[in-house]
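Summary of the model geometry
Take a look at the letters that make up each chain.
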Amino acid sequence: MTTLISPCTQLLTLAGDALPRKGSTQGQLRLIERGAVLMEGDTIQAVGSAEELERRCAGLSLDRIDAEGCVVMPGFVDSHAHPIFVHPRDAEYELRIQGATYQEIAGKGGGILNSVRALRNTSKEQLTRLSEPRVRKALESGTTTLEAKSGYGLDVENERKMLEVIRELRQRLPLELVPTFLGAHEIPPEYRSSKETYVDLLVEQMIPTVARQELAEFCDCFVEPNLYSLAEAERICRTAIRHGLGIKLHADQLSRSGATRLGAQLGAVSVDHLEQIEPEDIQALAASQTVATLLPGSVFHLGLHRYPPARALIQAQVPVALASDFNPGTSPTLSMPMVLSLACTQMRMTPAEAVVAATINGAHALRRADRIGSLEPGKQADLCIFDLDDYRQIPYFFGMNHCRMTIKKGTVVYRRDRGWQEP
Ligand code: NIG
Ligand code: FE
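Residues numbered from 1 in each chain as written. Chains lettered and ligands numbered in written order. Predicted model: local features only at pLDDT ≥ 70, side-chain atom pairs only at ≥ 80, totals over all residues. Heavy atoms only, no water.

This next bit is on the coordination of the iron ion (ligand 2). Tetrahedral coordination by four donors sets the ideal angle at the metal to 109.5 degrees; octahedral coordination by six donors sets it to 90 or 180 degrees. Every protein donor of the iron ion (ligand 2) is listed here as H80 (NE2), H82 (NE2), H250 (NE2) and D325 (OD), and their distances to the metal cover 2.1 to 2.3 Å. The motif formed by the donor residues of the iron ion (ligand 2), counted along the single chain, is H-x1-H-x167-H-x74-D. Linking H82 in the loop between β5 (76–78) and α2 (90–97) with H250 in strand β9 (residues 246–251), this pair joins segments that are 168 residues apart in sequence. For the residue pair H82 and H250, the accessibility class agrees, reading buried in each case. (Donors = N, O, S within 2.8 Å, 3.2 Å for Na, K, Ca; no water. Helix = DSSP H or I, 4+ residues; strand = E, 2+ residues; numbered from the N terminus. Buried < 20%, exposed > 50% of the residue type's maximum accessible area, 1.4 Å probe, protein only.)

Dropping the structure here:
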């Protein structure tokens with residue numbers, strides 16, 4: 001099937017070289033005014049001006065999508081999310097509004113452990129049923145690739161259950177799910193007084209099995225004083241690398257643990273969060289190939305004020321990605337447009353830098369930039385179309401969804417209705 005999207009009032013191609021965008025290229029959209037995209041099957045055939053592609057396609061029988069008045073861009077690549085869980089944690093949200101902190105709630109057995117208890121008591125089939133409609137929602141705001149972490153099971157059986165649910169949903173949904181093993185998300189309650197035994201289990205059994213059975217592509221670890229230490233994280237990461245998994249870290253989120261520097265040293269694909277980093281950490285990142293993935297949704301939802309230093313990172317030539325961190329505790333949103341709004345307003349990223357961070361740099365943070373994240377001939381036809389005539393309006397209209405259509409591998413997978421009709 002051949003489809004021509006033409007005209008596109010603004011076409012953001014994000015074309016460029018094979019490296020993540022950083023410094024002055026962090027905001028490089030390669031925008032074509034009145035552009036067009038030609039797709040053949042699941043692949044992009046051509047990108048150019050509407051005039052040129054219309055001429056080239058004259059007389060051919062093809063499907064057409066009219067994007068007059070619209071912004072057309074690559075689908076969002078949301079490279080950090082925890083979308084598999086049983087229920088929202090709205091009661092904790094209310095407790096935080098009344099003054100409790102995230103750490104206090106976690107210390108009393110709430111937080112991640114609340115989600116762990118529920119997940120352990122839920123069958124794989126039920127967990128799949130609960131997660132599917134939630135995950136599907138990502139398509140409605142233009143996301144075409146979504147990372148999915150485990151980490152609410154924290155034992156052999158339940159971590160496997162989560163990874164199998166991710167595998168099942170990956171086959172069932174048009175959204176591309178990328179599995180990450182996060183067995184080191186919290187300390188399992190049964191190992192409270194013998195954390196080393198659980199780390200041994202992770203290193204000796206869980207990581208090797210997950211890698212061998214190809215249940216995950218990446219391994220992640222939540223490095224915080226009361227959770228996993230830097231030394232434990234290093235042991236976990238080195239094991240994961242030995243077994244062929246890529247590394248990601250929850251780094252310097254609530255306290256400055258040094259995980260950003262550890263990730264840079266170990267060649268992590270990305271280090272994520274970075275709210276507490278200092279200039280030395282930025283220097284370490286600048287000397288590495290690691291992407292800095294910022295998650296402003298979690299700062300916003302926790303009602304905190306210290307956002308990660310996006311401007312300093314960009315200034316230091318560190319490639320910045322943006323992701324939702326969708327999870328029931330700190331960031332209950334799958335809306336990448338909302339994440340862009342937060343990045344622009346709270347971290348002073350320009351709209352162009354934010355779009356780059358949420359597409360091609362997100363693709364780099366998932367080692368998929370050769371296939372997705374930009375609109376170039378030969379790449380996968382993953383796109384989204386916004387009912388807006390300037391890309392800056394995507395973050396400008398905060399908390400509103402103007403996504404009209406989402407296309408995955410050349411197929412329309414979400415189309416917003418025309419809305420209410422006059423009686
Ligand atoms: O990215 N920081 C650790 N993990 C999540 C929170 C998970 C939860 O609270 O359920 C995060 O913020
Ligand atoms: Fe997270």
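End to end, helix α7 (residues 195–212) covers 24 Å across 18 residues, agreeing with the expected 26 Å (1.5 Å per residue, within 8%). The largest bend in α7 is about 40°, located at L202. Residues of α7 that are buried: K195, Y198, V199, L201, L202, V203, M206, I207, P208, T209, V210 and A211. In this structure, the buried residues of α7 make contact with α6 (156–172), β7 (176–184), β8 (218–221) and α8 (230–242). Where α7 ends, the next residue or the one after it, E214, has phi of about 50°, a positive value. (Expected span 1.5 Å × (residues − 1). Bend = angle between axes of the 7 residues up to and from the residue. Contact = heavy atoms within 4.5 Å.)

Moving on to helix α1 (residues 50–57). Along α1, the positions that sit buried rather than exposed are A50, L53 and C57. Along the axis of α1, the buried residues cluster in a sector spanning 75°; they form a single face. Turned more than 90 degrees away from the buried face of α1, the exposed residues are E51 and R55. On the buried face of α1, the contacting elements are β1 (2–12), β2 (31–40) and β3 (43–49). (Arc of directions from axis to C-beta.)

R89, Y102, Y152, Q253 and T330 are the nearest of the 15 residues found near ligand 1. At a separation of 3.4 Å, an oxygen atom of ligand 1 approaches a polar side-chain atom of H82. Y152 places a side-chain nitrogen or oxygen 2.6 Å from an oxygen atom of ligand 1. Relative to its free-state accessible area of 330 Å², ligand 1 is covered by the protein chains to the extent of 100%. Residue composition of the shell around ligand 1, by class: four nonpolar, nine polar and two charged. (Near = heavy atom within 4 Å. Polar contact = N/O pair within 3.5 Å; in protein donor to acceptor, adjacent residues only side chain to side chain. Areas by Shrake-Rupley, 256 points an atom, 1.4 Å probe, with all protein chains shown as cover. Nonpolar A, V, L, I, M, F, W, Y, C, P; charged D, E, K, R; others polar.)

In this structure, I236, L249, L313 and L322 are the most contacted members of the largest nonpolar core, which totals 116 residues. Here this core gets nine residues from one element, more than from any other, and that element is α7. Those residues in contact with L249 that sit more than four places away from it in its chain are D220, C221, V223, C237, A259, L262, G263, S270, V271 and D272. (Core = buried A, V, L, I, M, F, W, Y, C linked by side-chain atoms within 4.5 Å.)

Here we come to the packing of aromatic side chains. Across all of its chains, the model carries four aromatic pairs by this definition. Centre to centre, the rings of Y396 and F397 are 4.9 Å apart; their planes meet at 80°, and the pair counts as edge-to-face. The partly exposed category is assigned to F397, whose relative accessible area is 27%. A cation sits over an aromatic face here: R134 above F85, 4.0 Å from the ring centre. A cation sits over an aromatic face here: R392 above Y391, 5.9 Å from the ring centre. (Phe/Tyr/Trp six-rings, centres within 6.5 Å; stacked < 30°, edge-to-face > 60°. Lys NZ or Arg CZ within 6 Å of the ring centre and 35° of its normal.)

A few words now on the sheet that holds β1. With respect to topology, seven strands assemble into an open sheet ordered β3-β2-β1-β4-β13-β14-β15, the strand pairing being mixed. The open sheet is flanked by β3 and β15 (411–415), the only strands paired with a single partner. Each strand axis lies, on average, 35° off the axis of its neighbour in the sheet, ignoring direction. On top of the sheet, α1 reaches β1, β2, β3 and β4 (63–74); it is set at about 125° to β3, its chief contact. (Pairing = 2+ DSSP bridges. Axes fitted to C-alpha atoms, helices over the stretch in contact; angles between N-to-C directions.)

One way to put it is that α6 packs onto α7 with a least axis distance of 11 Å and a crossing angle of 30°. When the interaxial angle is binned, α6 and α7 end up roughly parallel. The two elements α6 and α7 meet at a crossing, and its hand is right-handed. Contacts between α6 and α7 involve V156, E159, R160 and L163 from the first element and L201, Q205, M206, T209 and V210 from the second. The class makeup of the residues in the contact of α6 with α7 is five nonpolar, two polar and two charged. (Parallel < 35°, antiparallel > 145°, perpendicular 65-115°, else oblique. Left-handed = near helix turned anticlockwise from the far one by under 90°.)

It is worth spelling out the sheet that holds β8 at this point. In spatial order, the strands read β5-β6-β7-β8-β9-β10-β11-β12; together these eight strands make up an open sheet with parallel pairing. In the strand order of this sheet, the two ends are held by β5 and β12 (320–322), each with one partner. If you compare each strand with its neighbour and ignore which way they point, the axes differ by 25° on average. Looking at chain direction, β8 and β9 are connected through two bridges and run parallel. Counted as the bridge partner of C219 is I247 from β9. Sitting on the sheet, helix α9 (residues 259–266) is in contact with β9 and β10 (270–273), with an inclination near 170° to β9.

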